[in-house]
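As a plain string of letters, each chain reads:
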Amino acid sequence: MPLLTWRELGALVRQLPPGSRTVLAQQGEDALWGLGEHLQALTIDELRVANWQRANEGVKPGKQSKVPAPIDRPGAKSHKGLDKNSPERIARRKAARERAAARRSAIARGEIT
């Protein structure tokens, strides 16, 4: 049995199906959905919003039902269930404040106009 060259092995790996363990290990959850699946989810989201609009037509704003949430996509981070004071969110806020302070000081020094 002949051995595979590196080129042949690379070609085989690139042609693995999206749900294979190798592809998931390389690309993460983003590999689970292709363009078709994302477009279908977008279509469903838009139809749900359109139906919500028609159902709430003529209803007072305080009495309207909630806007439907979009379908969860693989690889998309959701902020549902995240605590406002989770370590991740605290770190993001701190980094944003530091960037803003650095920008303000650069403007004050005349480096940014």
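It should be noted that the structure appears before, not after, this text.
Within each chain, residue numbers correspond to sequence positions counted from 1 in written order. A pLDDT threshold of at least 70 governs which residues receive local features in this predicted model, and a stricter bar of 80 or more applies before side-chain atom pairs are shown or counted, although totals over entire chains, interfaces and linings include all residues. Excluded from the side-chain calculation are hydrogens and water; included are all heavy atoms of the structure.

A. Here's a closer look at the side chain of Asp-45. Along the chain, Asp-45 falls in helix 3 (residues 35–55). Any pair of residues with heavy atoms lying within 4.5 Å of one another is described as a contacting pair. Here Asp-45 is in contact with Pro-70, Ile-71 and Arg-73, once residues within four sequence places are set aside. Numbering of helices and strands runs from the N terminus, with a helix taken as a DSSP run of H or I at least four residues long and a strand as a DSSP run of E at least two residues long.

B. Summary view of helix 4 (residues 87–109). One less than the number of residues in a helix, times 1.5 Å, gives the span that helix is expected to have. Taking 1.5 Å per residue as the helical rise, helix 4 with its 23 residues ought to reach 33 Å, and the 33 Å between its terminal C-alpha atoms agrees with that figure. Of the residues trailing helix 4, Gly-110 is marked for its positive phi of about 90°.

C. Geometry of a nonpolar patch on the surface. Taken together, the side chains of Leu-4, Trp-6, Leu-9 and Leu-12 define a hydrophobic patch exposed on the protein surface, amounting to about 480 Å² of accessible area. Structurally, Leu-4 can be placed in the segment before helix 1 (6–14). For patch detection, residues must exceed 30% relative accessible area and be free of salt bridges, and they are connected within 9 Å for like charges or within 5 Å for nonpolar side chains (Val, Leu, Ile, Met, Phe, Trp, Tyr). For the area figures, the Shrake-Rupley method with a 1.4 Å probe applies, and any residue is considered shielded solely by the protein chains shown. Only one rule defines a salt bridge in this text: a Lys or Arg side-chain nitrogen within 4 Å of an Asp or Glu carboxyl oxygen.

D. Quick peek at the environment of Pro-68. Within the secondary structure layout, Pro-68 lies in the loop between helix 3 and helix 4. Ignoring anything within four residues of it in the chain, the contact list for Pro-68 reads Arg-48, Val-49 and Trp-52.

E. Looking closely at the side chain of Arg-73. You can see Arg-73 is positioned in the loop between helix 3 and helix 4. Under this definition, polar contacts are N or O atom pairs within 3.5 Å; protein pairs additionally need one hydrogen-donor-capable and one acceptor-capable atom, and for neighbouring residues in sequence, both atoms have to be side-chain atoms. Polar side-chain contacts of Arg-73 include one of 2.7 Å to the side chain of Asp-45. Among the polar contacts made by the side chain of Arg-73, one reaches the main-chain carbonyl oxygen of Ile-71 at a distance of 2.6 Å.

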